[in-house]
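Summary of structural features
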Amino acid sequence: MKRFRRHGQESQRERLKQELFQFNKTVEHGFPHQPSALGYSPSLQLLAIGTRSGAIKLYGAPGVEFMGLHDENAAVTQVHFLPQQVELVTLLDDNSLHMWTLKAHTGLSELLEIGRFTLTGPPGAPPSVTRVTAVLAHSSGELLLLGTEGGHVFIVEVPGFRELEERNISLDQVASSVPDNYTCRRNLEHVEALQENPVNPSQVVIGYGRGLMVVWDLKKQRAIQHIPGTQQLESVWWTEDGGYLLSSHNDGSYCRWTMGSKDVDEEDVKSDIPYGHFPCKAISKIVQLSTEEGPPFLLFSGGMPRASYGDRHCITVIHGKTHVALDFTSRIIDFFAIRGGPQHTGDPSALVVLVEEELVVIDLQTEGWPVIQTPYLVPLHSSAITCSHHVSAIPLKLWERVLAAGNMQSTHYSKKPWPITGGQNLGPDPPQRDLLLTGHEDGTVRFWDASGVCLYPSYKLSTAGVFHTDADPNDNMNQGTEGEWPPFRKVGCFDPYSDDPRLGVQKIHLCKYSGYLTVAGTAGQILVLELNDEAAEQTVEAKVVDLLQGQEGFRWKGHTQLDVREEPVLFPPGFQPFALVQCQPPAVVTALTLHSEWKLVAFGTSHGFGLYDYQQKNNVLIKCTLNPSDQLAMEGPLSRVKSIKKSLRQSFRRIRRSRVSLRKHHVNNAAKLQDANARLEAELAEMEIAPVQRKIEARSSDDSFTGLVRTIYFADTFLADSSHNTPSLWAGTNGGCVFAYMLRLPAAERRADEPVTAQPAKEIQLMHRAPVVGILVLDGHGAPLPEPLEVAHDLARSPDMQGSHHLVVISEEQFKVFGLPKVSAKTKLKLTAMDGSRVRRVGVAWFGSSRSEDYGESGLVVLTNQGDVHVVSLPTVKMQVHYPCVRREDVSGIASCVFTKHGQGFYLISPSEFERFSLSARCLVEPRCLVEAPTDSSTQRGSLLDVTLLFCPPAEVLQEIQKSLEGDHT
């Protein structure tokens, strides 16, 4: 009977687990790592980005997102939507073509791969014959034209990828039609470009690498016009009226050719070099768009003077007398323009540019051509991410104040709505308002709306204004000077260079109820900030905390502290600093927490921990945890790379200043600039530039850093006896030691005058000496204690103070439960003994049942060094579920993980992207969207069917034609 009862309980528990836990990787936030191709469908209003790792991502209206991954580990080099269809074709650098479709299933669309194809040449032919260099998706939606390295054009029927051999255009056919007087007729090189005549779908232009362009008639299967360019070809553009062809070349020139039935004589065409007289870089792409009234828009990428501006990444926009060279901070991948109007046939409304590190959208209809704020694809890594902090269920008042401060920072953005609007977002409204805070290398903290599928920028806080840094206030490359040529305008927000690595943000803690925020950095600085709706000018005084407490024999070999500005600083509306703690030695802050009800901030470094009263601006407690053998703790993480970074920054400043002065003497000084560039390159070559250094947690097997404080925690619990609860502070170290202090807080009416005091209460040394990564106190019901002010705001029930409390100590190797106040061991779970894993990240989450609104359980969420996530029950510390989540080799991803209070998590899958995952069966944030085929797609296909039939009539069509002919003969 007992066995049956136990079996019934186990099966009931398994059913309950299914109601509570479910693992899903739901959405990727941020900007795709290493983008390599861009595509756009005007009919679907969808944007597609391919990456070097073989991913393909589609974006429409905010919330409409799709992702696919090629099986081949190859870069996506081209993306083309089939006109008026829901299919798209990708070309990989292994020369394979892949067909994708957006298929509707149960009312939602999903991106599926439905075919793949590789061109095969005749036996014994070299690979160049079929190596695809140019792709044209024909407006019929049924044909692909594939230009190759060998100069041939293959015609393929889609979506079935059937090669129409009898319609292929061979290099011999084209070469034999070229006039004898064309100098390059014997070596046309590869097919560089393919373009369809916008007013006659049966005509395409084939552009060859050496410069020749041939207009080919698909119906007549012959060349009808030759355009004898002799300069290396980069791109072609057929104007929308079909009257002209623009070609861009590798010498920075472009040509305009009149289209007609006669061959064009090269002597009659004058090329234009926009930024000539000196040698220029190639114009890699050119586009001309007409307007209903007024001059057309001319857009092209590249073409900069090679000597003086060859390192710039520019797109030039010319409209009438307005001429701007948009200057981006990373390499341009591709661009396209969007037309306004109901059918997207009006004047050009937006320019969309994909660069290596961000997506930039320019409003072409507003004066000054401002940037449109992106609702997705935001570069999270505009400065390298150094830490993250998630806050769930933000109160409406705080939410509105943060957004208002953020809106004041966004006045330079266009007021026009986001121009890419394809698909329908069918996802429910987010159940709550969530913020993700990211700390960055340049000392900024960015607030992101993480409530839904889109990670939207809400507000940016900069801490650099409090300090004197290595930045030169005269260093400003952002805007060109008046009358400068080319007329540069800096666009985009990606700026990876930090003026001082000591500014890097390492820890963040936000109290959502009081609006207090604390931010800690690389050089031992801890700022306490308060949300203010108005700008304020104030001085921030530093309170120094000597964590060594007079210990002798130690000498700090790391970086110096940041110098605090003594004069008042004007802080904009938003979070404004009012208190600053400076640790000595100025080591990286490794633990941080804030208790807004008690007005206290606790912090730890590799040397000890401290407690600061930010109401009275006094130190309450300083404890040194340094072990006499911890000599490594006296070397800062920046000591080895600081000098190299400083040298690099100085080199950049010298070159910037030399450029500014040289530009004043105009173009004649190009040779001097070349010398300056050469000097910079030589300096860079001599230096080994370290990659972005990410802090990797120390392993318990190391003897060093045993005093490093890994976690710090406030609790109102029982320390002295079981009848009197008291505020307390707990700290855990890398050497497996836990310190507990009782805090005495004056009554509320005397809080501003009487000091807060702290006295040592307990000290626990774990036998296995594994690093302590988490501390938690459970109330009499076994529930985690509520957050500060949570009960006061009626958002949590008061903790049970009648039953005995329990202390949970989470080390890298095990979870151990102690009874309070005696600190007697109750139970433990040895994680390392089970599978050799070590705890790397831990959080507390509430898991609501997917079947019952009223039921839920709290649990510990754990990420291990193996990349697995576990849920451990409270207070019994039993393993509930575990799932593989992060690749075990991805040390940076594991170190970056942050958990939410409702069973979700984020971790970096690249420097610019967060992967979002969920362990909760109830809380799930994922794209739910639908894309429908354009309504006029059938008519479009029908009107061009005759072109397709000319290529390869199916057998049944041939039979019908034969019967018809026989009937006519009779």
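All values derive from a computational prediction rather than experimental measurement.

1. Quick look at the overall build of the chain
Looking only at helices and strands, the chain has 11 helices and 63 strands in total. When burial is assessed residue by residue, the chain has 55% of its 970 residues classed as buried. A separation threshold of at least 6 residues defines the contact pool for the chain, and within that pool the share at least 24 residues apart is 59%. Approximately 42,800 Å² of the chain is accessible, and the part contributed by carbon and sulfur atoms is 49%.

2. Some words on the sheet that holds strand β6 (residues 76-81)
Within a sheet, neighbouring strands are paired by backbone hydrogen bonds and run either parallel or antiparallel to one another. Taking strand neighbours across the sheet as the criterion, the four strands line up as β6-β7-β8-β9 in an open arrangement whose pairing is antiparallel. Of all strands in the sheet, those bounded by a partner on one side alone are β6 and β9 (108-117). Recorded for the sheet is a direction-independent mean angle of 25° between the axes of neighbouring strands. Sheet topology places strand β7 (residues 87-92) next to strand β8 (residues 97-105); five bridges connect them, and they run antiparallel. The residue bridging Thr90 from the neighbouring strand is His98, located in β8.

3. Some details on the packing of aromatic side chains
For the structure shown, the criterion picks out 24 aromatic pairs. Seen in terms of ring centroids, Tyr254 and Phe300 are 6.2 Å apart; in terms of plane orientation they differ by 35°. Their pairing is tilted. Of this pair, Tyr254 sits in strand β20 (residues 254-258) while Phe300 sits in strand β22 (residues 297-302), and the two are 46 residues apart along the sequence. Since its relative accessible area comes to 12%, Tyr254 is described here as buried. The class for Phe300 is buried, based on a relative accessible area of 0%. The structure contains a cluster of three or more aromatic residues connected by ring pairs, namely Phe23, Tyr883, Phe899, Tyr907 and Phe917. Sitting over the ring of Tyr244, Arg256 keeps its end group 5.5 Å from the ring centre. A cation over a ring is seen here: Lys285 above Phe335, with NZ or CZ 4.8 Å from the ring centre.

4. Observations concerning the pairing of strand β33 (residues 456-462)
By the bridge criterion, six bridges tie strand β32 (residues 444-449) to β33 in an arrangement that is antiparallel. Directly across from Val445, in β33, lies its bridge partner Leu461. Hairpin connection, β32 to β33: the antiparallel pair is bridged by six residues.

5. Quick notes on the sheet that holds strand β19 (residues 244-249)
Strand order across the open sheet formed by three strands is β18-β19-β20, with antiparallel pairing between neighbours. At either margin of the open sheet sits one strand with a lone partner, and together these are β18 (233-238) and β20. Between one strand axis and the next, the sheet turns by 20° as a mean value, whatever way the strands run. Judged from the five bridges that link them, β19 and β20 form a sheet pairing that is antiparallel. Within β20, the residue paired with Ser247 across the bridge is Cys255.

6. What to know about the pattern of salt bridges
One pass over the full model with this rule turns up 26 salt bridges. Among the salt bridges present, the one from Lys285 reaches Asp334, with a minimum N-O distance of 2.9 Å. Taken together, the residues span a long stretch of sequence, with Lys285 in strand β21 (residues 283-289) and Asp334 in strand β25 (residues 332-339) at a distance of 49 residues. A salt bridge links Glu812 to Arg710; its shortest N-O distance comes to 3.4 Å. Taken together, the residues Glu812 in the loop between β53 (806-811) and β54 (814-819) and Arg710 in strand β48 (residues 709-718) connect sequence positions 102 residues apart. Comparing Glu812 with Arg710 shows no difference in burial state: the two are buried. Here the residues in one salt-bridge network are Asp71, Glu72, Glu113 and Arg116, joined through shared partners.

7. With respect to the nonpolar core
Judged by nonpolar contacts, the single largest core of 35 residues is most densely connected at Leu299, Val317, Leu326, Phe328, Leu351, Val353 and Ile362. Elements supplying a minimum of two residues to this core: β21, β22, β23 (313-319), β24 (322-328), β25, β26 (348-355) and β27 (358-363). Within the second largest apolar cluster, 33 residues are counted, among which are Leu719, Leu766, Leu785 and Leu831.

8. Quick word on unusual backbone geometry
In the segment running from Trp485 into Pro486, the intervening peptide bond is cis, with an omega of -5°. Looking at the secondary structure, you find Pro486 in the loop between β34 (467-468) and β35 (488-490). Here Leu874 and Pro875 are connected by a cis peptide whose omega angle stands at 0°. The residue Pro875 is located in the loop between β58 (868-873) and β59 (879-884) in this model. Although it is not a glycine, Ala393 sits at a positive phi angle of roughly 50°. Relative to the helices and strands, Ala393 resides in the loop between β29 (385-391) and α4 (396-408). The partly exposed category is assigned to Ala393, whose relative accessible area is 32%. A positive phi angle, near 40°, is found at Val877, a position not held by glycine. Mapped onto the elements, Val877 comes out in the loop between β58 and β59. Here Val877 falls in the buried class, since its relative accessible area comes to 3%.

9. Observations regarding α4
Taking 1.5 Å as the rise per residue, α4 with 13 residues should run 18 Å; its terminal C-alpha atoms sit 19 Å apart, in good agreement. For α4, every residue scored as buried is listed here: Leu398, Trp399, Val402, Ala405 and Gly406. The buried side chains of α4 occupy one side of the element, clustering within an arc of 130° when seen end-on. Exposed side chains of α4 directed beyond 90 degrees from the buried face belong to Lys397 and Asn407.

10. As for the pairing of strand β31 (residues 435-440)
A large share of β31 lies buried, amounting to six of its six residues. The side-chain alternation of β31 yields two buried faces, one formed by Leu435, Leu437 and Gly439 and the other by Leu436, Thr438 and His440. Relative to β31, β29 runs antiparallel, the two sharing six bridges. Among the inter-strand pairings, Val391 is bridged to a residue of β31, identified as Leu435. As paired strands, β31 and β32 are joined by five bridges and run antiparallel to one another. Among the inter-strand pairings, Leu435 is bridged to a residue of β32, identified as Asp449. Following β31, the chain reverses through three residues before pairing antiparallel with β32; Gly443 in that reversal takes a positive phi of roughly 85°.

11. A look at the UniProt feature "repeat: WD" (unreviewed entry) in the chain
In the numbering used here, UniProt assigns the "repeat: WD" (unreviewed entry) feature to residues 431-449. Here residues 431-449 runs as 0% helix and 63% strand, with 13 Å between its end C-alpha atoms.

12. Observations concerning the side chain of Gln506
With respect to the element layout, Gln506 can be found in strand β36 (residues 505-510). In contact with Gln506, other than residues within four places in its own chain, are Thr386, Cys387, Ala520, Gly521, Thr522, Val588 and Val589.

13. Topic: the confidence of the model for the chain
With 86% of its residues at a pLDDT of 70 or more, the chain shows a mean pLDDT of 87. Predicted confidence is poor over residues 639-645, with pLDDT under 50, and the contacts of this stretch with residues over four places away or in other chains come to 11 contacts. When the criterion is pLDDT under 50, residues 655-702 qualifies, and its contacts beyond four places in sequence or with other chains add up to 55 contacts.

14. Topic: the environment of Thr864
Mapping Thr864 onto the fold places it in strand β57 (residues 856-864). Note on Thr864: relative accessible area 0%, which makes it buried. Expressed as a C-alpha distance, the spacing of Thr864 and Pro884, which sit 20 residues apart in the sequence, is 9.8 Å. Filtering out sequence-adjacent residues up to four positions away, Thr864 remains in contact with Leu831, Ser837, Arg838, Val839, Arg840, His870 and Ile894.

15. Quick look at the environment of Val191
With respect to the helices, strands and loops of the structure, Val191 is situated in strand β14 (residues 191-197). Residues Val191 and Leu171, 20 residues apart in the sequence, show an inter-C-alpha distance of 9.6 Å. Filtering out sequence-adjacent residues up to four positions away, Val191 remains in contact with Thr133, Ala134, Gly147, Thr148, Gly151, His152, Val153, Ile206, Gly207 and Tyr208.

The rules behind each value
- Residues numbered from 1 in each chain as written.
- Predicted model: local features only at pLDDT ≥ 70, side-chain atom pairs only at ≥ 80, totals over all residues.
- Heavy atoms only, no water.
- Helix = DSSP H or I, 4+ residues; strand = E, 2+ residues; numbered from the N terminus.
- Buried < 20%, exposed > 50% of the residue type's maximum accessible area, 1.4 Å probe, protein only.
- Contact = heavy atoms within 4.5 Å.
- Areas by Shrake-Rupley, 256 points an atom, 1.4 Å probe, with all protein chains shown as cover.
- Pairing = 2+ DSSP bridges.
- Axes fitted to C-alpha atoms, helices over the stretch in contact; angles between N-to-C directions.
- Phe/Tyr/Trp six-rings, centres within 6.5 Å; stacked < 30°, edge-to-face > 60°.
- Lys NZ or Arg CZ within 6 Å of the ring centre and 35° of its normal.
- Salt bridge = Lys/Arg side-chain N within 4 Å of Asp/Glu carboxyl O.
- Core = buried A, V, L, I, M, F, W, Y, C linked by side-chain atoms within 4.5 Å.
- Expected span 1.5 Å × (residues − 1).
- Arc of directions from axis to C-beta.
- UniProt positions renumbered as here; feature names shortened; annotations may be inferred.
- pLDDT = per-residue confidence, 0-100.

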